[in-house]
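So the chains spell out like this:
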Amino acid sequence: MSGRRALDLIVRGAREVFTATPSGPLDGAVVGVRDGTIAYLGAEAGLGAAGLEVGAATRVIDAPDMLVTPGLVDPHTHLVFAGDRAEEYGRRAAGVPYLQIAAEGGGIAATMRATRAAPLEALVERARPRLDALLRCGVTTAEVKSGYGLTLEAEVKMLRAVEALDAAHPVDLVGTFLGAHTVPPERRSDRAAHVADIVERWIPAVAEQCLATFCDVFVETGAFTIPEGEAVLRAGLAHGLRPKVHADQLSPGGGAELAARVGAVSADHLEHVSDAGIAALAEAGTVAVLLPGAALFLGVDDRAPARRLIEGGVRVALSTDCNPGTCMTENLLLMLTLGMSRLGLSAREVLEAVTVHAAAALGRDDVAGSLQVGRPADLAIFATPSHHHLPYHFGGDPTRWVIKGGQVVYAA
């Protein structure tokens, strides 16, 4: 008897193991998994000294010349919705202004109508393929927002769909209440009453049913003002929902400063963030979630100041912003390329932006986003030799295995 404990799974032969920790990538290391957690990281020859071994029942994944990373984290999505806006996209690409499309009943209002009409089961089934697509990109944790129902009943239905998907799918989902996405057409004549409804009825109901972790608000011209947004976020805090903010996407409207003031976990978009906003985010420890796919899809050249944010002391995450109107993609790997080509980040920075910093944007960096002994064994394995190559060779299909909690949940 050796007295050693057999591993449940081992990944061997990888060219690089990107741990997303200060120790940096490991060359030629193996990853050993036992009881759903990472039991070993290092040279295979050191297993015995660690009291571990490859046993007869150990699942062996040979990953020659491949890259192993933490399971990726997508910290900003709108995966649950009904209908689509493909025709609207075509009109916009042909030069029809968005404001004209919205005035004709398009935009968020179109998705709102379809989402309100769809039963819960349909929302779940329509979101499942999107979630499968995220998984195929190596994602093991994702945030999903409400915000297309815009009545209490419809917002709860959306969050119930997130709950159902989380229970049935290997990707771990974090729900966010975005009832303050926009003012629905039928409430525009009395904004104050609508905001009061969100604060006094919607947020307490969502919190009482434990349907969300976060409360988000879109602070922007045409959406919600700073005072309105602050009222919503402070009501969320009073009911145990941590703040997030859609901030400074179209104009420097003070969204970042609001996010810092309320202690938001993340401020998202930030294409027009001010220097004062960057300083405030750094002091508050708020993560900046950047969404370069949205500007690409919209055909504009707005770029969040990623380098200024990092140099200012703000952690930067990247996300798909998957949604039917302004960024219809589940390809988180593409965001790595855009993070380098359009935002000026390095290869290491973009991969950290979808691992450890993305996990921090969800308050999950204590359990997700990095490879460390004792952490849950969430891994992605890519047919590429290093983290430098993952954003470099874009548009392909490099994912070979995804492991969640020590179990293989996707194999190409």
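Since we're looking at a predicted model, the values are computed, not measured. (Residues numbered from 1 in each chain as written. Predicted model: local features only at pLDDT ≥ 70, side-chain atom pairs only at ≥ 80, totals over all residues. Heavy atoms only, no water.)

Chemist: What exactly am I supposed to notice about the overall build of the chain here?
Modeler: When its secondary structure is counted, the chain shows 15 helices and 20 strands. Taken against the 2.2 N^0.38 rule, which gives 22 Å for 412 residues, the C-alpha radius of gyration of the chain at 22 Å falls within 12% of a compact globule. Dimensions along the principal axes, computed over C-alpha positions, put the chain at roughly 75 × 40 × 40 Å. For the chain, the residues scored as buried account for 57% of the 412 residues in total. The long-range share in the chain, meaning contacts at least 24 apart out of those at least 6 apart in sequence, stands at 72%. When the accessible surface of the chain is split by element, carbon and sulfur atoms take 53% of a total near 15500 Å². Side chains of the chain carry 36 positive and 48 negative charges; the gap between the two charge centres is 2 Å. (Helix = DSSP H or I, 4+ residues; strand = E, 2+ residues; numbered from the N terminus. Rg over C-alpha atoms; globule rule 2.2 N^0.38 Å. Buried < 20%, exposed > 50% of the residue type's maximum accessible area, 1.4 Å probe, protein only. Contact = heavy atoms within 4.5 Å. Areas by Shrake-Rupley, 256 points an atom, 1.4 Å probe, with all protein chains shown as cover. Lys, Arg positive; Asp, Glu negative; His and termini not counted. Charge placed at Lys NZ, Arg CZ, Asp CG, Glu CD.)

Chemist: Just to check I follow, could you spell out empty space enclosed by the protein for this structure?
Modeler: Rolled over the atoms, a probe as big as a water molecule pinpoints where empty space is left. Considering all chains together, one arrives at 3 cavities of 30 Å³ or more under this definition. Taken as a whole, the largest cavity holds about 70 Å³ of empty space. In terms of lining residues, the largest cavity is bounded by Asn-331, Leu-333, Leu-334, Thr-337, Leu-390, His-393, Phe-394, Gly-395, Gly-396 and Pro-398. Of the residues belonging to the lining of the largest cavity, the class tally is 5 nonpolar, 5 polar and no charged. (1 Å grid on protein atoms, 1.4 Å probe; cavity = no way out; pocket = protein on both sides within 12 Å on 5 of 7 lines; lining within 4 Å. Points joined across faces, edges and corners; volume = space filled by probe spheres on them. Nonpolar A, V, L, I, M, F, W, Y, C, P; charged D, E, K, R; others polar.)

Chemist: Would you take a moment to explain the state of the cysteines for this structure?
Modeler: Joining two cysteines, a disulfide is a covalent bond between their sulfur atoms. Applying the stated criterion across every chain yields a total of 0 disulfides. Take Cys-215: it sits in no disulfide, and the sulfur closest to it among the cysteines is that of Cys-210, at 15 Å. Summary of cysteine pairing: Cys-327 is not part of a disulfide, and the nearest cysteine sulfur, belonging to Cys-322, is at 7.5 Å. (Disulfide = S-S within 2.5 Å.)

Chemist: Would you explain the environment of Pro-75 in this entry?
Modeler: Structurally, the position occupied by Pro-75 is in the loop between β10 (72-74) and α1 (86-93). On the accessibility criterion, Pro-75 (0% relative accessible area) is buried. Spatially, the C-alpha atoms of Pro-75 and Leu-152 are 24 Å apart, while their sequence positions differ by 77 residues. In this view, Pro-75 contacts Glu-143, Lys-244, Asp-268, Val-289, Ala-317, Leu-318, Ser-319, Ala-358, Ala-361 and Leu-362; residues no more than four positions away in its chain are not counted.

Chemist: I'm lost on helix α9 (residues 275-284) in this one. Help?
Modeler: Note on helix geometry: an α-helix contains 3.6 residues per turn, so any two residues three or four positions apart are oriented the same way. All of the buried residues in α9 are Gly-277, Ile-278, Ala-280 and Leu-281. Projection of α9 onto a plane perpendicular to its axis shows the buried side chains occupying an angular sector of 165°, all on one side. Residues of α9 that are exposed and point over 90 degrees away from its buried face: Asp-275 and Glu-283. Residues of α9 that are buried make contact with α8 (255-261), β15 (266-269) and α11 (306-311). Gly-285 sits one or two positions beyond α9 and adopts a positive phi of about 75°. (Arc of directions from axis to C-beta.)

Chemist: It is not clear to me how unusual backbone geometry should be interpreted in this structure. Could you clarify?
Modeler: Most peptide bonds adopt trans geometry, and most residues besides glycine take a negative phi value. Despite not being glycine, Asp-35 shows a phi value in the positive range, around 55°. Structurally, the position occupied by Asp-35 is in the loop between β5 (30-34) and β6 (37-42). Exposure remark for Asp-35: the relative accessible area of 61% places this residue in the exposed category. The backbone of Leu-150 shows a phi angle near 60°, a positive value even though the residue is not glycine. For Leu-150, the position within the fold is in the loop between β11 (139-145) and α5 (152-168).

It is worth stressing that arrangement in space is one thing and function is another; only the former is reported here.
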